Amino acid sequence: MLTRILTGLVGVPIIVWLLHSGGMLFNAAIFVLAAIGWLEFYNMAKNKGYNVFYFSSGIMTLVLVGSLMYLDDSIYTLYSLPLFLVVTIIAILLEGLHKHCKGHLVENVGLSVMAVLYIGILFFHFGLLRQLPFEPVVIGSFVLEGGECFFWLIMLGTWASDTFAYFVGRKFGKHKMCPSVSPNKTWEGFVGGLIISTIVSTLFYHFLVGEESILLLILITILLSIIGALGDLVFSSIKRHFGIKDYGNIMPGHGGVLDRLDSILFVVLAFSYLSKFL
């Protein structure tokens, strides 16, 4: 627990600085995290004898996330992301065909596609959300850009949900959510985390921005809490399948990049589109 706390004390100021800086610096940090996350996924599969393709999955994942540093917002049209996915999947199939003699063709192709979806698409939306052109929020002499404000909404809500779900589950948890995937998660903990997350996120956004319907904020934060819990379970099910406790150990006490960001990744993806209603 001490190691976990110390890592947090070091990491939180860095997160605050990067998030407030935005721009190239923030996107470069997202690129590095995506690269580490892809390697964690690759090593997990490799330890079970599978091969996540370097070129069609790894390089294309980094091309997608790295594009955030150089491309203008106007390029992110309705058709750009699906087109990229089509090209990437075709490349993965061709690389799989080239390496079919090494065995596990279907598994390797499937894992390579999963890596692009879970790493490339999800981390891409980190940068996309931060760049959203919403009105900045002024607090005295401190200015929060629109995308930055949304990120704080997500992170505070997710951290509140995770923290209170853990403590409520330990104290009152009796009914398991999905014991075959995550035996320590309970419905009582989930509901406790959902309630606190909804309160924290709604109050944060309402008092900071103060323009939206309370009911709309509550509905969106409840939906995000549910999506975050599902994201956590999805990543946990993958770890359970491959027989590992953590994806990596780059963050002492927290595991790897994918361990720390599992639920936030899904929430950021969802909120990138739900934010249109705010």
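Caption draft 1: Structural context of the packing of helix α5 (residues 105-130) against helix α6 (residues 146-172). Across the interface, α5 lies against α6 with an axial gap of 7 Å and an inter-helix angle of 125 degrees. In terms of axis orientation, α5 runs oblique to α6. Note on element contacts: α6 touches α5 through G147, E148, F150, F151 and I154, opposite F126, L129 and R130. For the contact of α5 with α6, a count of residues per class yields five nonpolar, one polar and two charged.

Caption draft 2: Region of interest: a nonpolar patch on the surface. Together, V191, I195, I199, L203 and F207 line one region of the surface with nonpolar side chains, adding up to about 490 Å² of accessible area. Position of V191 among the secondary structure elements: in helix α7 (residues 187-208).

Caption draft 3: View of the packing of aromatic side chains. For the structure shown, the criterion picks out 14 aromatic pairs. Geometrically, the ring pair formed by F126 and F151 is tilted, given 5.5 Å between the ring centres and 55 degrees between the ring planes. Of this pair, F126 sits in helix α5 while F151 sits in helix α6, and the two are 25 residues apart along the sequence. Here F126 and F151 have matching classes, each one buried. On the basis of an interplanar angle of 85 degrees and a centroid distance of 5.9 Å, the ring pair of W187 and F190 is categorised as edge-to-face. Here W187 pairs with F190, and both are found in helix α7, just three residues apart, close to one helical turn.

Caption draft 4: Main features of the pattern of salt bridges. Applying the stated criterion to the full structure yields four salt bridges. Between E95 and K99 there is a salt bridge, with the nearest N and O atoms lying 2.9 Å from each other. Salt-bridge contacts for D259 lead to K239; the nearest nitrogen and oxygen are separated by 2.9 Å. Placement of D259 in helix α9 (residues 257-274) and of K239 in helix α8 (residues 214-242) is noted, with a sequence separation of 20 residues between them. According to the relative accessible area criterion, K239 is buried, its value standing at 12%.

Caption draft 5: Representation of α7. In this model α7 runs 31 Å from its N-terminal to its C-terminal C-alpha over 22 residues, within 8% of the 32 Å that 1.5 Å per residue would give. Check the buried side of α7 and you find it contacts α6, β3 (176-178), β4 (182-186) and α8.

Caption draft 6: Spotlight on the nonpolar core. In this structure, F123 and F271 are the most contacted members of the largest nonpolar core, which totals 49 residues. Examining the composition of this core, we find that 11 residues originate from one element, α9, more than from any other. Within the second largest apolar cluster, eight residues are counted, among which are F84, I121, F124 and L128.

Definitions and cut-offs
- Residues numbered from 1 in each chain as written.
- Predicted model: local features only at pLDDT ≥ 70, side-chain atom pairs only at ≥ 80, totals over all residues.
- Heavy atoms only, no water.
- Axes fitted to C-alpha atoms, helices over the stretch in contact; angles between N-to-C directions.
- Helix = DSSP H or I, 4+ residues; strand = E, 2+ residues; numbered from the N terminus.
- Parallel < 35°, antiparallel > 145°, perpendicular 65-115°, else oblique.
- Contact = heavy atoms within 4.5 Å.
- Nonpolar A, V, L, I, M, F, W, Y, C, P; charged D, E, K, R; others polar.
- Patch = residues over 30% accessible without salt bridge, like charges linked within 9 Å, V, L, I, M, F, W, Y side chains within 5 Å.
- Areas by Shrake-Rupley, 256 points an atom, 1.4 Å probe, with all protein chains shown as cover.
- Salt bridge = Lys/Arg side-chain N within 4 Å of Asp/Glu carboxyl O.
- Phe/Tyr/Trp six-rings, centres within 6.5 Å; stacked < 30°, edge-to-face > 60°.
- Buried < 20%, exposed > 50% of the residue type's maximum accessible area, 1.4 Å probe, protein only.
- Expected span 1.5 Å × (residues − 1).
- Core = buried A, V, L, I, M, F, W, Y, C linked by side-chain atoms within 4.5 Å.

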